[in-house]
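Letter by letter, the chains look like this.
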Amino acid sequence: MKSIETNKSNVSGFFSRLVRRQIFIPIAALLLLAVFNLVTDPSFYKITFGYNSAGNPVLSGYLMTILDSGSELAILAIGMTLVTAATGGQDISVGAAIAISGSVILRVLCGTNSRPETLQAPIIVAFLVACIVAMLFGAFNGVLVAYFRIQPMVATLILFTAGRPIAAWINNNELPIINEPSFGYFGGFIPGIPVPTPFFIAVACMIIIALVLRFTNLGLYTQAVGINESSSRLNGLNPAFIKFLTFVILGLCVAVAGLIKVSRFSTINYSVIAKDIEMDAILAVALGGNALSGGKFNMAASILGAYVIQFLTTTLYKFNVQSDALPAYKAIVVIVLVVLSAPIVREWLSGVWKKIRPEGHGKEVA
Amino acid sequence: MKEKAVLEMKNIHKSFPGVRALQGVDFTLCEGEIHALMGENGAGKSTLIKVLTGVYGKDEGEIFLKGKDKAVAIHSPQDAQRLGISTVYQEITLCPNLSVAENMFIGRTSGVCQNWKKMNTDADRILQSLDIPAKAAQQLASCSIAVQQMIAIARAVDMDCKVLILDEPTSSLDEQEVEKLFRLMRDLRARGVGIIFVTHFLDQVYEVCDKITVLRDGKLVGEYEIKDLPRVKLVSKMLGKELDDMSDIKGESKPYDKDDQSAPVFEAKGLVSNAGIKPFNFYIKKGEVNGFTGLLGSGRSECVRAIFGADRVLGGTVKMDGKEIKIGKPLDAMKNGIAYLPEDRKVDGIVGDLSVRENIILALQVLKGFLKPFTKAEANKFAEDYIKLLGIKTASADTPIKSLSGGNQQKAILARWLLTDPKYLILDEPTRGIDIGTKIDIQKLVLKLASEGMSVTFISSETDEMLRTCSRLVVMRDRKVVGELSGEELSQSMIMSTIAGGDK
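Thresholds, definitions, all that
- Residues numbered from 1 in each chain as written.
- Chains lettered and ligands numbered in written order.
- Predicted model: local features only at pLDDT ≥ 70, side-chain atom pairs only at ≥ 80, totals over all residues.
- Helix = DSSP H or I, 4+ residues; strand = E, 2+ residues; numbered from the N terminus.
- Buried ≥ 20, exposed ≤ 12 C-beta atoms within 10 Å, placed from the backbone.
- Pairing = 2+ DSSP bridges.
- Axes fitted to C-alpha atoms, helices over the stretch in contact; angles between N-to-C directions.
- Contact = placed C-beta atoms within 7 Å.
- Nonpolar A, V, L, I, M, F, W, Y, C, P; charged D, E, K, R; others polar.
- Parallel < 35°, antiparallel > 145°, perpendicular 65-115°, else oblique.
- Left-handed = near helix turned anticlockwise from the far one by under 90°.

S.K.: Just checking my understanding: could you explain the overall build of chain A for this structure?
M.R.: Helix and strand content of chain A: 14 helices and two strands. Over its C-alpha atoms, taken along the principal directions, chain A stretches across nearly 80 × 60 × 40 Å. Taken across its 366 residues, chain A has 45% of its residues classed as buried.

As structure tokens, then:
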């Protein structure tokens, strides 16, 4: 009897500790969506093994779609989390920047001819050029925010507006198409591997950021600058440079996401590619329970937040919600999630839990 | 009510949790007088002003105004304004992107429509009558700070105010601008406005005021005619030390050796920063504890900030161990073994949401470098060691520092700098707002560190604390170094008379 009691209080103690943990928010949201799908239609979780049109073995199903399509968002969430932490603001130009870096990749691969028979440059070269370009645009945003002290949203509004025209200009407003099948591997499947490549790329990015946060002081510095800039400066940090750095890192994330995006279609549509992805990236940070006003952050929670958003999108698609109407449904769910994750509500919830707990406990003893 | 009095505050009490900010304070303001409200930091000046302007409610006491037979109730700043009490704060509280006229009339028009032409001519008339060099249609931001200050006053005056409160209006003005402001104040005095003038500049009090009311520790010390209260007396009233019974506190610090020929650890010549201090010379020797003293706003914090590179250094040379170095930013100072505990713990010291451990290791971590983070075990050891050594009361090293008490936050910041093992430690008001036990701990620690060979500069608003710990004091007044005291000269009376600027 006694052991059961302690066990019980351990469980509820664990629960109320979890409620107060930051990562609880995206986990709870994910569980909510998972249970909803399980109740309405368990076939949501079915994964089938088959062959795609190219004859490669592939796993398919809604879960695979989430892992596949959520990759770009998860990668962007990494950079967006850092920018948010250090500057207390967000970069709204990432969608436009993806268009630019995607356009750069195609331009380098195609050379002067927009429909080349063979690639004019190795893919790795094209990707590295895109990295440099995206980081330069990130640096541009970073300079405006960190050194000219322009509000991040206003500073990145410039590129938000100008980015897609720049992307179109890079390819003379033509729509290059890549016929080389190996280019499609990054956004599709590598022959013989049934799991989509974007998932592996996202995991690689997660491992890299985990290592960076573990083996450098990036986390400590960005948080310190975001919490108290003045104090950070007096501790020898250079707040402006750290803010600048976060934008450059986000630029790198943009280049990776850009590669996946153009590889998915082997072509580009300047006005549609990665449209509104900046808002989802910001939302991922918020859903991760990170304060959009900067300061402390939890990277794992942000990344999880990204997959929650993709989970939600995929769920809505499954219910045949028209893609035009999708944002409205999404907004409703987001409102609920954000309100639930607000500190006030969480305090209240954990208070309610505390009230319930002793009653249940009493009954058990009786 | 006294004849000619426009304002009488009687027996005002106000408490905050744990602090009795005002205890039975009386204050009387007559029409056509400029009345200085003086007191050290925390004496209750601003609380009294805020009670008067309705920002805080009072616990006890009554406020009388001329023309009202009963005590008035002031519940909000709007109430105060309606009763003719206007305040001009240190920071301009106008809207810089609106025009001068709009600023003067904002929030005061009745009805929906606004006669812009009439507003502008009205504003011009007022500006002219007060001799303020501004045009009604001009954008406020295009005026100098002094003129903006005057426009704020004009706005107050035009609202038919009988009591005008000027809260540190001169702290961001230069001498000529201050002169202009004083001319305006005298002009208003002649019109019968009662002015309450809060300032830290003694010279200005003696230049423009008629009466002085001194507060100390939330209590009224007294009200004096300016001619009855020479500077030294004023300073002693503010500090709460009577000149006669100034039995000098015996310092526990080792006496300053004038004949010591050893080279200073740190030396600055003609150092000047963008914080508005005059160039100053300064040095400190190994194992010495010295201090900057002076009233608040005298520039003592700005001096040490210049040494640490916290403000932008505009000129001067700096030597460490006899070698000339360049300090352009805090990191330069840190690399040369200088540590600085800032005056404002909340704004410049703690990184609130980070844990005690992260706060403690922060400075050393920055010195060690971006690519070399401490392992969790190392960081924990540093934190645990210093939590034990300084007796920091915290639930754990993981607790966010903002949830600690002020004294324990301060100890954690001190730990942060001790961890860097500095040669020269600067402590700016390390004991402000913390309990007496922690205060004594910190004083003892300073003396112990010095005996181990560290050089320490100690700044405190409490003179006896300075006398206990420092063997040499640099005295500042009005952002200038005006004297240096050591050995026999170290006494309350000497400090006060040096601060006051001789017996003028």
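The rest of the description comes next.
S.K.: Explain the environment of Glu174(A) here, please?
M.R.: All names here are of chain A. Locating Glu 174 in the fold gives a position in the loop between α6 (152-170) and α7 (197-215). Overall, Glu 174 belongs to the partly exposed group, with 15 C-beta atoms counted inside 10 Å. A C-alpha to C-alpha distance of 9.8 Å links Glu 174 and Tyr 270, two positions 96 residues apart in sequence.

S.K.: Whenever I open this one, the sheet that holds strand β13 (residues 313-320) of chain B confuses me. Can you help?
M.R.: One key point about sheets: their strands pair by backbone hydrogen bonds, in either a parallel or an antiparallel sense. All names here are of chain B. What the four strands build is an open sheet, ordered β11-β10-β13-β14; its pairing is antiparallel. Of all strands in the sheet, those bounded by a partner on one side alone are β11 (280-284) and β14 (323-325). Going across the sheet, the axis of each strand differs from the next one's by a mean of 20°, ignoring polarity. Two strands pair when backbone bridges link them, and strand β10 (residues 266-273) and β11 are joined in this way by four bridges, in the antiparallel orientation. Within β11, the residue paired with Ala 268 across the bridge is Phe 282. Each of β10, β11 and β13 touches helix α9 (residues 300-308); the most contacted strand, β10, lies at about 110° to it.

S.K.: Explain the interface of chain B and chain A here, please?
M.R.: Many descriptions give the size of an interface as the accessible area lost when the pieces come together. Chain B puts 23 residues into the contact, and the matching count from chain A is 18 residues. For the side of chain B that touches chain A, the secondary-structure elements that each account for two or more residues are α10 (330-335), α11 (345-349) and α12 (356-368) of chain B. No other element matches the six residues that α12(B) contributes to the side of chain B that touches chain A. Each residue belonging to the side of chain B that touches chain A can be placed in one class, and the counts come to 17 nonpolar, three polar and three charged.

S.K.: Can you walk me through the sheet that holds strand β7 (residues 194-198) of chain B in this structure?
M.R.: Residues and elements named next belong to chain B. The mixed open sheet is built from six strands, whose spatial order is β5-β6-β7-β3-β8-β9. The outermost strands of the open sheet, each flanked by one partner alone, are β5 (85-88) and β9 (219-225). Between one strand and the next, the sheet's axes are offset by a mean angle of 20°, whatever the strand orientation. Both strand β3 (residues 34-38) and strand β8 (residues 211-216) contribute to a ladder of four bridges, which runs parallel.

S.K.: Looking at this model, I keep getting lost on the packing of helix α3 (residues 62-87) of chain A against helix α11 (residues 277-287) of chain A. Mind explaining?
M.R.: When two helices pack together, you describe them by how their axes are tilted relative to each other and by the distance separating the axes. Residues and elements named next belong to chain A. Relative to each other, α3 and α11 sit at 65°, their axes nearing to 8 Å. Here α11 runs roughly perpendicular to α3, going by the angle between their axes. The way α3 lies across α11 gives a crossing that is right-handed. Here Glu 72, Leu 73, Leu 76, Ala 77, Met 80, Thr 81 and Thr 84 of α3 lie close against α11, whose contacting residues are Ile 277, Asp 280, Ala 281, Ile 282, Ala 284 and Val 285. The class makeup of the residues in the contact of α3 with α11 is nine nonpolar, two polar and two charged.

S.K.: When you look at the pairing of strand β18 (residues 472-477) of chain B in this model, what are you seeing that I'm missing?
M.R.: Two faces make up the sheet, and in a regular strand the side chains alternate between them. Residues and elements named next belong to chain B. Across the six residues of β18, six count as buried, placing the element largely inside the fold. Here β18 shows two buried faces, one formed by Arg 472, Val 474 and Met 476 and the other by Leu 473, Val 475 and Arg 477. With four bridges joining them, strand β12 (residues 289-293) and β18 adopt parallel strand pairing. Paired with Gly 291 across the strands is Leu 473, a residue of β18. Here β18 runs beside strand β19 (residues 480-486); their pairing, made up of six bridges, is antiparallel. Following the sheet pairing, Met 476 is matched in β19 by Val 481. The loop that links β18 with its antiparallel partner β19 comprises two residues; one of these, Asp 478, has a positive phi angle of about 45°.

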